[in-house]
Amino acid sequence: FRLTNHTMKLLTGLSDRILAALPLMPVLALMVPLLGNPAETAKSWIQYFSTTTFRSRRDAERQLQSIIEEAQGVEFPPPPPVSSQLLAYLIVAIFGFFVTNSLIPNISQYTLRKGISGRDLGKRGTPLADKQIPEALGIVTGTVFLVCLIFCLVGYTASNPAKLLDVNAALLSICFMLFLGFTDDVLDWPWRYKLILPTVSSLPLLCSYSGSTSVVIPVPLRSLLWHKGSFTWLGDLANFLVIIDANSDGAVVETGILYMLYMSMLAVFCTNAINIYAGINGLEAGQSFIIGCAVLVHNLVEIQFCSDDAQGGKTQHCNNHLFSVMLMLSFVGVTLALLRHNWYPARVFVGDTFCYFAGVSFAVVGILGHFSKTLLLFFIPQVINFLWSCPQLFKLVPCPRHRLPRFDPEKGVCSPSTFACKPHEFKWLKRRPDDTECPNMTLICLMLQIMGPMSERDLCIVLLALQVASCGIGFFVRYYLSQFLFDQ
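Residues numbered from 1 in each chain as written. Predicted model: local features only at pLDDT ≥ 70, side-chain atom pairs only at ≥ 80, totals over all residues. Heavy atoms only, no water.

A. Main features of the packing of helix 8 (residues 191-208) against helix 10 (residues 257-276). Their axes nearest at 9 Å, the elements helix 8 and helix 10 cross at an angle of 135°. If you check the angle between helix 8 and helix 10, you find them oblique. Every pair of crossing elements has a handedness; the one defined by helix 8 and helix 10 is right-handed. Of the residues in helix 10, those touching helix 8 at Trp-191, Lys-194, Leu-195, Pro-198, Thr-199, Ser-202 and Leu-206 are Met-260, Met-263, Ser-264, Ala-267, Val-268, Thr-271, Asn-272, Asn-275 and Ile-276. Here the contact of helix 8 with helix 10 is built from residues that sort into 9 nonpolar, 6 polar and 1 charged. (Axes fitted to C-alpha atoms, helices over the stretch in contact; angles between N-to-C directions. Helix = DSSP H or I, 4+ residues; strand = E, 2+ residues; numbered from the N terminus. Parallel < 35°, antiparallel > 145°, perpendicular 65-115°, else oblique. Left-handed = near helix turned anticlockwise from the far one by under 90°. Contact = heavy atoms within 4.5 Å. Nonpolar A, V, L, I, M, F, W, Y, C, P; charged D, E, K, R; others polar.)

Structure, rendered in structure tokens:
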């Protein structure tokens, strides 16, 4: 029996590792051709550093003085090739994974010592329910990520000085939300602060945003704004808020400040969407890991189709996606390490620290990478969970403090949690009209209603599979369905 039990644990652990590796497969498949020959890239690094390290101080001062005197006409050296940048970012991401994986067990002892811990409410009635589990370990993930990002930025800003403002804005926003998340774990901020402060954190991103604020209208909807050479009544009404380009027959709408407002709301949504779609072991880190891999796939696909500009360098579109790859590779690395410790049964809790850190990281790459609309396609489960939760979030329906699934210790399965109500109330939520309780309005409870009771581990796998499928739908919409909705 012991041998069989041990074998089952090994097989379970192996299957978990295989499942964790699946989202990385398309990322690696797209990155390998872009990396080229790593040996040649490493050789070019050695040659570069050997020629720059021994440069005399006088030559460096002379070059600096020349740059200062001719600041307007200075021509910066071309950035390193894409393969060199990707290899450097990949090495830093691997470094981030191993550092995070080794630091989490050590830092968890400090959080336990300071009382930053909690009990697993999803295991009531079992011996694990009384065990104190370290909380807010997202601070380790966020800190290592910032270290990795600083390493990447040293080379990135040297070769892309025009992106220095974007880099500083990204660092400022991520640091702000990491601080907010950790203080929320310690002080338990009210929800009103969780909505206001992410808005403030988005301001550096909006100030540094230099992309277009125009929106292309899908072909089937253009007739609502423009018909037979003139604006419709809806187009005239819309012109009070936005500017519809008459030369494009209503195909392009300049939204101006409204687009900035949308991006600010996107930052608020991303930081809170992961936070409210949580409650079972591995879900927060798992969904963030999958979304990060999806963002990387999108970036790498766009980089492959990038063409050189007139000077032989990469276009701004390509540089924006390289900026996103730089952030997301390190993010995926540190998140995978956290997922390893947060997977069922969780040895640490990620806390609001990680949820806010992950959300603002996605907002940063979506806004500064100039694909904020595509980013929402990877948040389909989070959007569904938010919309379904709105009646409880806005107090139209009673909302208990914890909406975690109900755990049955005898059967070892989870079922939808409920809130008490009167027989005549909320009949649209009940299965039977005379019930005195209604299921909580979360996507987790909704999946349990549809698929029936299941273990916490299986429930997390089902929800993460839904996340993978939703990202697949997002790619289908972005790269296939869009060709029927927009002009080529």
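B. Quick peek at the nonpolar core. Counting residues in hydrophobic clusters, the biggest one holds 103 residues, and the most contacted among them are Phe-145, Ile-174, Met-326, Leu-327 and Phe-362. Element by element, the count of residues in this core is highest for helix 12 (residues 316-342), at 14 residues. When near neighbours in sequence (up to four residues on either side) are disregarded, Met-326 contacts Tyr-89, Leu-149, Cys-152, Leu-153 and Tyr-156. Residues Phe-419, Cys-421, Phe-426 and Met-441 belong to the second largest nonpolar core, which totals 7 residues. (Core = buried A, V, L, I, M, F, W, Y, C linked by side-chain atoms within 4.5 Å. Buried < 20%, exposed > 50% of the residue type's maximum accessible area, 1.4 Å probe, protein only.)

C. Region of the structure containing the side chain of Lys-123. Tracing the backbone through its elements, the reader meets Lys-123 in the loop between strand 1 (117-118) and strand 2 (133-134). Setting aside residues up to four positions removed in sequence, Lys-123 forms contacts with Leu-128, Ala-129, Asn-281, Tyr-344, Pro-345, Phe-407 and Glu-456.

D. Fine view of a nonpolar patch on the surface. Taken together, the side chains of Trp-233, Leu-237, Phe-240, Leu-241, Ile-257, Leu-258, Leu-261 and Met-265 define a hydrophobic patch exposed on the protein surface, amounting to about 1,000 Å² of accessible area. Elements represented by at least two residues in the nonpolar patch include exactly helix 9 (233-238) and helix 10. Take Met-265: it is sitting in helix 10. (Patch = residues over 30% accessible without salt bridge, like charges linked within 9 Å, V, L, I, M, F, W, Y side chains within 5 Å. Areas by Shrake-Rupley, 256 points an atom, 1.4 Å probe, with all protein chains shown as cover. Salt bridge = Lys/Arg side-chain N within 4 Å of Asp/Glu carboxyl O.)

E. Layout of the sheet that holds strand 7 (residues 252-254). Taken together, 3 strands build an open sheet; the order of strands is 3-7-6 and the sheet is antiparallel. Every other strand in the sheet has two partners, leaving strand 3 (214-216) and strand 6 (243-244) as the edge strands with one partner each. One ladder, built from 2 bridges, connects strand 6 with strand 7; its direction is antiparallel. Bridged to Ile-243 within strand 7 is Glu-254. (Pairing = 2+ DSSP bridges.)

F. Representation of helix 15 (residues 380-393) within the structure. Taking 1.5 Å of rise per residue, 14 residues should cover 20 Å, and helix 15 covers 18 Å from first to last C-alpha, within 8% of that figure. Where helix 15 bends most, the angle comes to about 30°, and this point is Leu-387, followed within four residues by the proline Pro-391. Every buried residue belonging to helix 15 is among Pro-381, Gln-382, Asn-385, Ser-389, Cys-390, Pro-391 and Gln-392, and all of these are buried. Of the surrounding elements, those touching the buried residues of helix 15 are helix 10, helix 11 (283-304), strand 10 (418-420), helix 16 (443-451) and helix 17 (456-485). Directly beyond the C-terminal end of helix 15, a positive phi value near 65° is found at Lys-395. (Expected span 1.5 Å × (residues − 1). Bend = angle between axes of the 7 residues up to and from the residue.)

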